[in-house]
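Structural description and commentary
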Amino acid sequence: MPVVKVENLYYAYPEGPPVLKGLDFQVEAGETLAVIGLSGSGKTTLCQCLCGLAPHVLGGSMRGRILIKGRASTEYRLPQLACEIGMVMQNPDMQLVCTTVEDEIAFAPENLCLPPREIRSRVNEVLGLLGLKDLCLKNPALLSGGQRQLLALGAVLALQPSILVLDEPMALLDEKGRCLVHEILLYLRDEGKTLIIVDHDIENINFADRFMVMEQGEIICLDSPAAVMADKEYLQQHRLYLELSGSTRF
Ligand SMILES: Nc1ncnc2c1ncn2[C@@H]1O[C@H](COP(=O)(O)OP(=O)(O)O)[C@@H](O)[C@H]1O
Ligand SMILES: [Mg+2]
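My aim in this report is to walk through the structure given alongside it, one point at a time. (Residues numbered from 1 in each chain as written. Chains lettered and ligands numbered in written order. Predicted model: local features only at pLDDT ≥ 70, side-chain atom pairs only at ≥ 80, totals over all residues.)

All residues in the neighbourhood of ligand 1 are listed as Tyr13, Gly16, Val19, Gly37, Ser39, Gly40, Ser41, Gly42, Lys43, Thr44 and Thr45. Element by element, the count of residues in the shell around ligand 1 is highest for helix H1 (residues 43–50), at 3 residues. Within the shell around ligand 1, the residues separate by chemical class into 2 nonpolar, 8 polar and 1 charged. (Near = placed C-beta within 6 Å. Helix = DSSP H or I, 4+ residues; strand = E, 2+ residues; numbered from the N terminus. Nonpolar A, V, L, I, M, F, W, Y, C, P; charged D, E, K, R; others polar.)

With that settled, consider the packing of helix H4 (residues 101–111) against helix H5 (residues 116–130). With their axes 9 Å apart at the nearest point, H4 and H5 run at an angle of 135° to one another. Relative to H5, the element H4 lies oblique. The chirality of how H4 crosses H5 is right-handed. Together, Glu102, Ile105, Ala106, Pro109 and Glu110 of H4 and Ile119, Arg122, Val123, Val126 and Leu127 of H5 make up the contact between the two elements. Residues of the contact of H4 with H5, tallied by class, amount to 7 nonpolar, no polar and 3 charged. (Axes fitted to C-alpha atoms, helices over the stretch in contact; angles between N-to-C directions. Parallel < 35°, antiparallel > 145°, perpendicular 65-115°, else oblique. Left-handed = near helix turned anticlockwise from the far one by under 90°. Contact = placed C-beta atoms within 7 Å.)

Our focus in this paragraph is the nonpolar core. In terms of nonpolar packing, the biggest core is built from 67 residues, with Ala34, Val35, Leu50, Val165 and Ile197 touching the most fellow members. Considering each element in turn, this core owes the most residues, 7 residues, to helix H6 (residues 145–157). If we ignore the near neighbours within four places in the chain, the residues touching valine 35 are Lys43, Leu46, Ile196, Ile197, Val198, Met212 and Met214. (Core = buried A, V, L, I, M, F, W, Y, C linked by C-beta atoms within 7 Å. Buried ≥ 20, exposed ≤ 12 C-beta atoms within 10 Å, placed from the backbone.)

What follows is about the environment of leucine 142. As for its placement among the helices and strands, leucine 142 is situated in the loop between H5 and H6. On a C-alpha basis, the gap between leucine 142 and leucine 129 in space is 21 Å, while along the polypeptide they are 13 residues apart.

Time to look at the sheet that holds strand S5 (residues 71–72). If you trace the 4 strands from one edge of the open sheet to the other, you get S2-S1-S4-S5, paired in antiparallel fashion. Edge positions in the sheet fall to strand S2 (18–28) and S5, since each has one partner strand and no second. The pairing of strand S1 (residues 2–12) with strand S4 (residues 61–68) spans 7 bridges and is antiparallel. Bridging from a neighbouring strand, valine 4 pairs with isoleucine 68 of S4. Docked against the sheet, H1 engages S1, S2 and S4, running at close to 60° with respect to S2. (Pairing = 2+ DSSP bridges.)

What follows is about the environment of lysine 193. With respect to the helices and strands, lysine 193 occurs in the loop between helix H7 (175–190) and strand S8 (194–198). Each C-alpha atom, one on lysine 193 and one on glutamine 160, is 9.5 Å from the other, the two residues being 33 residues apart in sequence. Each residue touching lysine 193, except ones within four places of it in the same chain, is listed here: Ser162, Leu164 and Leu188.

Let us now look at the environment of valine 123. Mapped onto the secondary structure, valine 123 falls in helix H5. Taking the number of C-beta atoms within 10 Å as the measure of exposure, valine 123 has 23 and is therefore buried. It is 6.7 Å that separates the C-alpha atoms of valine 123 and alanine 158, two residues lying 35 residues apart in sequence. Ignoring sequence-local partners within four residues, the contact set of valine 123 consists of Glu102, Ile105, Ala106 and Ala158.

Right under this line is the structure:
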C-alpha cells in the first residue's frame with residue numbers, strides 16, 4: 001500500500017490562482033522520491049500540502065485528496081499528522097522556536113505530553129545522530145545556517161515520523177554539511193523511512209528511487225533517475241538542463 005497517495009490535487013493560496021494543478025502520484029513505504037523543478041514550479045507548496053500546513057495553517061483552497069497511510073490528510077489533526085509525516089522547511093528559521101538546541105528537539109514531543117524519560121532518550125538520540133551534542137545548550141539563533149538546518153531536521157526526527165518531507169535540506173550547507181546530511185538521509189532511508197526530498201542539485205539526491213519533475217504546478221515526468229537523466233533534450237526543452245547543470249552528471 002502506498003503511504004502517500006495524491007489524487008487530483010489542486011491548491012491555490014488565498015486569493016491567488018491555482019499553484020498546484022491536478023497532481024496525481026503515490027509514494028510507497030520506504031521509497032525515496034526526489035522532487036525537482038525550476039523555482040516557482042510549486043515544490044514548496046506541494047510539501048506544505050503534504051504535511052497539512054496548507055490549507056490548515058496557510059489557508060487557501062485545496063481540491064482533490066491526499067491520503068497519508070490510507071487516511072485523508074484532512075481527517076487528521078495537525079499534531080497527529082506531524083507524527084506520521086514530518087516536514088523540514090526550506091528556511092529553518094520558520095520552524096525554530098526555542099532558546100536552546102535541546103529544548104528545540106524536545107519541543108514537539110513535550111507538546112504531545114510524552115513521558116520525560118522518553119523525551120530525554122529521543123533528544124539524546126537525535127543530538128547524537130546529527131552531531132549536535134556539543135551545541136545542546138546553545139541558542140539556535142547563534143548557530144550557523146547549516147547548523148540551524150540540521151536542528152530543524154532534528155526537531156522533526158524527534159517525533160519519529162515514518163515519512164519525511166525535506167524541502168531543499170542542503171541549500172544552506174557547505175560541502176561538509178552536505179556530506180553529513182547526505183549520510184543522515186541514507187541512514188534514514190536504510191532505517192525504512194519514506195523520504196520525499198526537494199533539491200536542485202541532482203548530486204544531492206542521486207540515491208532516490210524515482211525523480212518527479214514539476215513545472216508550473218504540474219508533474220511533467222515521474223520516472224527512474226536513469227530515465228530522467230537520459231533524456232537531456234527533454235530536460236533542456238523544459239529548461240531543467242540549465243537549472244541542474246551545476247551537477248557534475250551533465
Ligand atoms: N504564500 C504564498 N502566497 C501566494 N503565492 C505564493 C505563496 N508562496 C508561493 N507562492 C507562489 O506559488 C508558486 C509556487 O511557489 P513555490 O511552491 O514556492 O515553488 P518552488 O518551491 O518550486 O520554488 C509561485 O508562483 C509562488 O509565487
Ligand atoms: Mg521552494
